[in-house]
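One-letter residues, chain by chain:
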Amino acid sequence: MSGGRSALMPMRSWGAWFGGLMLWAVFGFMMVMFSRNPANGWGELVLVAAFFVGLCHLVTLAAMFSYVKVTPAALLVVNPGLSTAIPWGRVQEVVAEHGLVVRVRGAEDVHCYAFQPSVVGRLMGYPGAHRAVKKIDSYGKRLALAADKDDPESAVTWRRHLLWLVGGWSVFALLVPSLVRVL
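Residues numbered from 1 in each chain as written. Predicted model: local features only at pLDDT ≥ 70, side-chain atom pairs only at ≥ 80, totals over all residues. Heavy atoms only, no water.

1. Structural notes on a nonpolar patch on the surface
Piece 1. Taken together, the side chains of V171, L175, L179, V182 and L183 make up a nonpolar region of the molecular surface, amounting to roughly 530 Å² of accessible area.
Piece 2. By relative accessible area, L175 is classed as partly exposed at 44%. (Patch = residues over 30% accessible without salt bridge, like charges linked within 9 Å, V, L, I, M, F, W, Y side chains within 5 Å. Areas by Shrake-Rupley, 256 points an atom, 1.4 Å probe, with all protein chains shown as cover. Salt bridge = Lys/Arg side-chain N within 4 Å of Asp/Glu carboxyl O. Buried < 20%, exposed > 50% of the residue type's maximum accessible area, 1.4 Å probe, protein only.)

Written as structure tokens, this is what we have:
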């Protein structure tokens, strides 16, 4: 596909994303085992579920929420607590030194947590970040007509965090114990 739909899809570090999903699955299994014990009442199940959801959410913040999305107007970098839209005219370069970093003209660099540095990444040379840089550069060169006066826009994405917390707690505290005790 030449610049169409595939260029507009979010880019994630799928290894980190898969690790986050596996953590949810492991804690879900632990919740199932804890629910099978008839000595544990609903009060204990709710407290344990809150603990598991808290741990899972912290890992999810770093592993699953972050991504980079190329749009016609800007390069969107979504990190756990902040989304930053950088107009193409302000993007100086995108590098994969130690993770993915966007150098912005006249502003601070924007680091993307989706491609954050790691020991494994350092040993392998950050292949995911290098692939993302190539895709971003090829798309950005085709769109090099944006105005230089636009400033990067940032926004905090709280609704998404609350949705994951409430949804995760509902599954761990209500759905899993109910299904285990009924079945």
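Further notes follow.
2. A word on the pattern of salt bridges
Piece 1. The tally for this structure, following the rule as stated, stands at 2 salt bridges.
Piece 2. Among the ionic pairs, R103 bridges to E93, the shortest N-O distance being 3.7 Å. Within this pair, whereas R103 is found in strand 5 (residues 100–104), its partner E93 is found in strand 4 (residues 91–95), the two being separated by 10 residues in sequence.
Piece 3. A salt bridge links R103 to D109, with the shortest nitrogen-to-oxygen separation between them at 2.5 Å.
Piece 4. One continuous salt-bridge network, built from bridges that share partners, spans E93, R103 and D109. (Helix = DSSP H or I, 4+ residues; strand = E, 2+ residues; numbered from the N terminus.)

3. Describing the sheet that holds strand 5
Piece 1. Taken in spatial order, the 3 strands of this open sheet run 4-5-6, and their pairing is antiparallel. One side of each edge strand has no neighbouring strand; the edge strands of this open sheet are strand 4 and strand 6 (110–112). Along the sheet, successive strands turn relative to each other by an average axial angle of 15°, direction set aside.
Piece 2. Inspection of the sheet shows strand 5 paired to strand 6 by 3 bridges, in the antiparallel sense. Across the sheet, V102 pairs through a bridge with V110, a residue of strand 6. (Pairing = 2+ DSSP bridges. Axes fitted to C-alpha atoms, helices over the stretch in contact; angles between N-to-C directions.)

4. Focus on the nonpolar core
Piece 1. By size, the foremost hydrophobic cluster in this structure holds 21 residues, and its most contacted members are L75, V94, L100, V102, F115 and I136.
Piece 2. Looking at this core, the elements that each hand over two or more residues are strand 1 (67–70), strand 2 (74–78), strand 4, strand 5, strand 6 and helix 4 (127–142).
Piece 3. For this core, the leading source of residues is helix 4, giving 5 residues.
Piece 4. Core analysis: the next-biggest nonpolar cluster, separate from the first, contains 12 residues, L45, F172, A173 and V176 among them. (Core = buried A, V, L, I, M, F, W, Y, C linked by side-chain atoms within 4.5 Å.)

5. A few points about the confidence of the model for the chain
Piece 1. Averaged over every residue, the pLDDT of the chain is 75; residues scoring 70 or more account for 73%.
Piece 2. Looking at the elements of the chain, mean pLDDT is at its lowest for strand 7 (residues 153–155), recorded as 60, and at its highest for strand 5, recorded as 88.
Piece 3. The model gives residues 1–7 a pLDDT under 50, and that stretch makes 6 contacts with residues more than four places away or in other chains. (pLDDT = per-residue confidence, 0-100. Contact = heavy atoms within 4.5 Å.)

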